[in-house]
Amino acid sequence: MTESVEETAGPAGTPGPGSGPAPAPEGGYPAARLRLLQDDTAAGPDRRAALARLTDDWLAGLLTRHATAAGLSGTALVAVGGYGRGELSPRSDLDLLLLHDGRADPGALAALADHLWYPVWDLGLDLDHSVRTPAEARKAAREDLKVQLGLLDARHLAGDPELTAALRSTAYADWRESAPKRLPELHDLCQERAERQGELQFLLEPDLKEARGGLRDATALRAVAASWLADAPRGGLEAARTRLLDTRDALHLTTGRATDRLSLQEHPQVAEALGMLDADALLRQTYESARTISYAADVTWREVGRVLRARSVKPVLRGLLPGRGAGKGERSPLAEGVVELDGEAVLARTARPERDPVLVLRAAAAAAQAGLPLATHSIRRCAEAAATRPLPVPWPAEAREELVTLLGAGTYTVPVWEALEAEGLVTRLLPDWERVRCRPQRNPVHTWTVDRHLIETAVRASALTRRVHRPDLLLVAALLHDIGKGWPGDHSVAGETIARDVAARLGFGARDTAVIATLVRHHLLLIETATRRDLDDPATVGAVAEAVRSAGTLELLHALTEADALATGPAAWSAWRGGLVADLVKRVAARLAGEPEEEVRPADEPTAEQQRLAAEARRTKGPVLALHARAETPTGPEDSSGADESARRPVGVELLIAVPEQSGVLPAAAGVLALHRLTVRAADLLVLDPGGASPVLLLSWRVAAEYGSLPDADRLRVDLVRALDGSLDIPARLAERERAYARRARAVLAPPPRVSAVTGSSRTATVIEVRAQDAHGLLHRIGRALETAGVAVRSAHISTLGANAVDAFYVTDPDGEPLADAAAHELAAAVESALG
């Protein structure tokens, strides 16, 4: 123990056996050190600084006395590393450099060093020491990065101050000169250490110093700042570092050892020493601090990479690069108000987050879908705007869709979500998130904290979206399934209530809200039943069927169960567990299929406007279009009925197209919309007066302008006419567009499309269901594949759920009859092949 060692130590400087000449007694330092460490009124930064000052005085006295006695001049004692920063934890080691000008007698210099080092060892303190000239110190720094980093914190203790000042000056000059070469080396060291030690913000027994997000990373950020090439985000960084240092102090005092590992058995004592409620509060604060440092490191190293890449291009060559001759990067549009610049997603120059509360979600979704980081300054602009103009509740449809798109981006969701969380936007958007943020999970099966586990579950669920009819409900349920862990009691029961409130806040309808709440309430039902109950017992299957109630909910619950287990850890899912769950799902689905089918609502009758358009199409024998822009009125305390019209922004367009029935209408219309950069959010295709003398196809679209500009109805009609008569080569134009996107986009690795024939679901047609990643021209390609197969599309129901398209097409053979089962499956395979 620290106290026992110091209390029983003899006069400081008393050498051990065979240790060389005995220095003068220094018994005052151990006693003063012990009193300081036992003083409950001194803690945190004040105690570390006081301990450093006490140690300074002691060591300075040793150098002065023994150098004077030996008649030595031209020496200086220098503190480096953590001690150089004036931060001494109770059991910190001392990093000391005895600097000399090279003129002293080697024997006298060695004796002086002994008089300095042995008293430190006699106190049981660790010591990292060296004796060098300034030239030797510079040479060692060039050869060893750790030495160079230590010199950046060099601090004079005693002796010739000019020696120390000269060393500091040259150390900083050398560091700044060599930074372009040494910073990548430092980054590699940080990454290697992270791979060995893991991420502090998720570990139950973290190393406060070595793990990613720990004190070593904070020191590395100081070195980056000293290079003048980049700097870390300062918000909360110093406070986070201070909290980790305070925790390490308490750990040293409770264990009496020089350890940085926060072991499980030490949690309660360390929490008590810090005046915290319990061990979970300790871990949560530790995780929050580590997360702040990790985020600052990510942003800083990204900026270092950008600066070094820019420097690696010679000025002459840089002037020849397109868009960079004037020092301005090329901007590539990603979404309305969002562009790519220098490898980041940033707000466009014309973006106005104070007028566009959905912009933050649109930017986040665009960044994740493009596999890009979201620029820190852009997030902060959105955060400032959100403070005065939050999203209305319930959310508009666009905001909900952008959230789903963000959640469905796979692994790229994680860094974007973390960036939003670092700037406080997640809890602003979803207040219930605060209770699970950085919340530890002491079950060793769990790899992540509660909040990160929820995001990881959404990541896993994004790969399963082809298995379900409603990927948006799956992704939102994945985000919320453990939201109740922030409350006492059964987290599934508490989570059901919270999920219902959050789903309503997001703007889901009553039926979808009920499904999400059911998924959260029963997210453990399948895995627990499959592994703990007799599946041959009819009561087992009946209980699950009664809980889920519908085949659609069962389908979603199956996918959520797998995603949840995969996101928990390697021990939570296996082929055996997956097989048991699949068997249970199969049995429950069979039970549900035996119940009466839900009543199907009849299709809506054509509206007066649709009838009018159909009559006009028959008269002109050509397509007729009608556009209706949907705008969002500003909301907030400053709004009034006289709100400035310029503050209203289009959030979508309803487009009606009526055209006399002919082949190729669906792919032609979809292709024209894609060429005009219109994203299809939903669509329906109906045949008015089928079988009559002059049937008319009526297509109802809900589209969004990709970059904010509304379409021109006349241009749409002209291009549609050209597409139908063959004078506009849509496939070639779309292929050219896709090549342009591919040159600058890093596509998200999405699961492959799945096309299936849902036989038996309709008596008058065959249903072909398509689930795929939403993309430019997707609906056009589907339509062409169906046309090529020679089937007639009697109706279509198109929906885009986040980044996923879920489309159903009711098709018949040329005689108007449903397809045979074999032909239906062949058609599904052909469409899937065309999309692949």
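Residues numbered from 1 in each chain as written. Predicted model: local features only at pLDDT ≥ 70, side-chain atom pairs only at ≥ 80, totals over all residues. Heavy atoms only, no water.

Please clarify how the overall build of the protein should be interpreted in this entry.
A tally of regular secondary structure across the protein gives 32 helices and 15 strands. Across the 836 residues in the protein, those meeting the buried criterion constitute 52%. Expressed as a percentage of contacts within the protein between residues at least 6 apart in sequence, the contacts between residues at least 24 apart total 71%. Accessible area of the protein: about 37,200 Å², with a carbon and sulfur share of 52%. (Helix = DSSP H or I, 4+ residues; strand = E, 2+ residues; numbered from the N terminus. Buried < 20%, exposed > 50% of the residue type's maximum accessible area, 1.4 Å probe, protein only. Contact = heavy atoms within 4.5 Å. Areas by Shrake-Rupley, 256 points an atom, 1.4 Å probe, with all protein chains shown as cover.)

Got a minute to help me understand the sheet that holds strand β3 (residues 127-132) in this structure?
Working definition: the strands of a sheet are paired by backbone hydrogen bonds and lie parallel or antiparallel to each other. Ordered in space as β3-β2-β1-β4, the four strands form an open sheet in which the pairing is mixed. Every interior strand has two partners, whereas the edge strands, β3 and β4 (155-159), have only one. The average angle at which neighbouring strand axes cross in this sheet is 20°, direction not considered. Each of β1 (75-79), β2 (94-100) and β3 is contacted by helix α5 (residues 106-122), which is oriented at about 170° to β3, the strand it contacts most. Each of β1, β2 and β4 is contacted by helix α8 (residues 161-197), which is oriented at about 110° to β2, the strand it contacts most. (Pairing = 2+ DSSP bridges. Axes fitted to C-alpha atoms, helices over the stretch in contact; angles between N-to-C directions.)

Any chance you could explain the packing of α8 against helix α12 (residues 279-312) here in plain terms?
In a pair of packed helices, the angle between the axes and the distance between the axes together describe the arrangement. It is at 11 Å that the axes of α8 and α12 come closest, and there the two elements cross at 145°. Where α8 crosses over α12, the handedness of that crossing is left-handed. Along the contact surface, α8 presents Pro180, Leu183, Pro184, Leu186, His187 and Cys190, while α12 presents Trp301, Val304, Leu308 and Arg311. Residues of the contact of α8 with α12, tallied by class, amount to eight nonpolar, one polar and one charged. (Left-handed = near helix turned anticlockwise from the far one by under 90°. Nonpolar A, V, L, I, M, F, W, Y, C, P; charged D, E, K, R; others polar.)

Could you clarify how one ought to interpret the pairing of β1 in this entry?
For a regular strand, the rule is simple: side chains alternate between the two faces of the sheet. Of all five residues making up β1, five are buried, and the element is well covered by its neighbours. Along β1, one buried face is formed by Thr75, Leu77 and Ala79 and the opposite face, lined by Ala76 and Val78, is buried too. Across five bridges, β1 lies against β2 in antiparallel orientation. Among the inter-strand pairings, Ala76 is bridged to a residue of β2, identified as Leu99. Sheet topology note: the β1/β4 ladder contains four bridges and is antiparallel.

Can you help me understand the sheet that holds strand β6 (residues 338-341) in this one?
Spatial strand order, β5-β6-β7: three strands in an open sheet with antiparallel pairing. Of all strands in the sheet, those bounded by a partner on one side alone are β5 (332-335) and β7 (344-347). Looking at each pair of strands side by side, their axes are set apart by 45° on average, direction ignored. Direction of pairing for β5 relative to β6: antiparallel, over a ladder of three bridges. Across the sheet, Pro333 pairs through a bridge with Val339, a residue of β6.

I'm lost on the packing of aromatic side chains in this one. Help?
In this description, an aromatic ring pair is defined by two values, namely the gap between the centres and the angle between the planes. Scanning the model with the defined rule gives four aromatic pairs in all. Note on Tyr29 and Trp58: the rings are 4.2 Å apart at their centroids and 0° apart in plane angle, and the pair reads as stacked. Note that Tyr29 is positioned in helix α2 (residues 28-38) and Trp58 in helix α3 (residues 44-70), a separation of 29 residues in sequence. Overall, the relative accessible area of 5% leaves Trp58 in the buried class. A centroid spacing of 4.9 Å and a plane angle of 90° characterise the contact between Phe202 and Trp448, whose relative ring orientation is edge-to-face. Of this pair, Phe202 sits in the loop between α8 and α9 (215-227) while Trp448 sits in the loop between α18 (425-429) and α19 (450-462); the two residues are 246 residues apart in sequence, bridging distant segments of the chain. (Phe/Tyr/Trp six-rings, centres within 6.5 Å; stacked < 30°, edge-to-face > 60°.)

Looking at this structure, how should I read the nonpolar core?
Inside soluble globular proteins, nonpolar side chains tend to come together where they are buried. Formed by 92 residues in total, the largest nonpolar core has its most connected members in Leu374, Trp395, Trp417, Leu420, Leu430, Trp433 and Val588. In terms of residues, this core owes the most to one element, helix α14 (residues 359-370), which gives nine residues. Counting residues in each nonpolar core, the second largest holds 53 residues, with Val659, Ala669, Val703 and Ile798 among its members. (Core = buried A, V, L, I, M, F, W, Y, C linked by side-chain atoms within 4.5 Å.)

Sorry if this is basic, but what is going on with the confidence of the model for the protein here?
In regions of low pLDDT, the predicted coordinates are not meant to be interpreted in detail. In this model, the protein carries a mean pLDDT of 86, and residues with pLDDT of at least 70 account for 88%. Note on residues 1-26: pLDDT under 50 across the span, and 49 contacts to partners over four residues away in sequence or across chains. Low pLDDT (under 50) marks residues 316-327, which in the prediction has 13 contacts with non-local residues, meaning those over four places away or in another chain. (pLDDT = per-residue confidence, 0-100.)

Would you take a moment to explain helix α16 (residues 397-407) for this structure?
Each α-helix turn comprises 3.6 residues. Residues three or four places apart therefore point the same way. Counting buried positions along α16 yields ten of eleven residues, so the element is predominantly enclosed. For α16, the complete set of buried residues consists of Glu398, Ala399, Arg400, Glu401, Glu402, Leu403, Val404, Thr405, Leu406 and Leu407.

Explanation requested: the pairing of β2 in the structure shown.
Most of β2 is tucked away: seven of the seven residues are buried. Where β2 meets β3, six bridges bridge the pair, whose relative direction is parallel. Opposite Leu98, over in β3, you have Val131 as the bridge partner. Crossover β2 to β3 through α5 is right-handed. (Right-handed = clockwise from strand over helix to strand, strands pointing away.)

In this structure, what is going on with unusual backbone geometry? I would like to understand it.
Leaving glycine aside, a negative phi is the common case for residues, and trans is the common case for peptide bonds. With omega at 0°, the peptide bond leading from Val393 into Pro394 counts as cis. The backbone of Asp342 shows a phi angle near 55°, a positive value even though the residue is not glycine. For Asp342, the location among the structural elements is in the loop between β6 and β7. Residue class for Asp342 comes out partly exposed when judged on its relative accessible area of 29%. A positive phi angle, close to 60°, is found at Cys438, a residue other than glycine. Structurally, Cys438 can be placed in the loop between α18 and α19. A relative accessible area of 1% places Cys438 in the buried class.

Please clarify how the pattern of salt bridges should be interpreted in this entry.
A side chain with one charge may pair with a side chain of the opposite charge, provided their charged atoms come close. Under the definition given, this model contains 47 salt bridges. When the shortest N-O distance is used, the salt bridge between Arg48 and Asp246 registers 2.8 Å. A residue pair is termed long-range when its members are at least 10 positions apart, and Arg48 in helix α3 and Asp246 in helix α10 (residues 237-255) qualify at 198 residues. Of the residues examined, Arg48 reaches a relative accessible area of 3% and is grouped as buried. The shortest N-O distance in the salt bridge between Glu555 and Arg771 comes to 3.9 Å. With Glu555 in helix α25 (residues 551-568) and Arg771 in strand β13 (residues 766-773), this pair connects stretches of sequence that are 216 residues apart. (Salt bridge = Lys/Arg side-chain N within 4 Å of Asp/Glu carboxyl O.)

Help me out: how do you make sense of the environment of Leu229 in this one?
Within the element layout of this structure, Leu229 appears in the loop between α9 and α10. Here the alpha-carbon distance between Leu229 and Leu308, two residues 79 residues apart in the chain, equals 8.5 Å. Those residues in contact with Leu229 that sit more than four places away from it in its chain are Ala179, Pro180, Leu183, Val224, Val307, Leu308 and Arg311.

What is the right way to look at the side chain of His558 in this model?
Looking at where His558 falls in the secondary structure, it is placed in helix α25. Beyond its immediate sequence surroundings of up to four residues, His558 is in contact with Arg467, Leu526, Val581, Ala582 and Val585.

I would appreciate a short explanation of helix α21 (residues 491-506) in the present structure.
Helix length check: α21 (16 residues) gives 21 Å between terminal C-alpha atoms against 22 Å at 1.5 Å per residue, within 8%. Every buried residue of α21 is accounted for by His491, Ser492, Ala494, Gly495, Ile498, Ala499, Val502, Ala503 and Leu506. Buried residues along α21 sit in contact with α16, α20 (471-480) and α22 (510-521). If you check the start of α21, you find a side-chain oxygen 2.9 Å away from the backbone N of Ser492, and it comes from Asp490. In the segment just after α21, Gly507 is the residue with positive phi, at about 95°. (Expected span 1.5 Å × (residues − 1). Polar contact = N/O pair within 3.5 Å; in protein donor to acceptor, adjacent residues only side chain to side chain.)

Help me understand the packing of α22 against α25, please; the structure alone is not making it clear to me.
Relative to each other, α22 and α25 sit at 45°, their axes nearing to 10 Å. As judged from the angle between their axes, α22 and α25 are oblique. The chirality of how α22 crosses α25 is right-handed. Here Val515, Thr518 and Leu519 of α22 lie close against α25, whose contacting residues are Thr553, Leu556, Leu557 and Leu560. Of the residues assigned to the contact of α22 with α25, the class counts are five nonpolar, two polar and no charged. (Parallel < 35°, antiparallel > 145°, perpendicular 65-115°, else oblique.)

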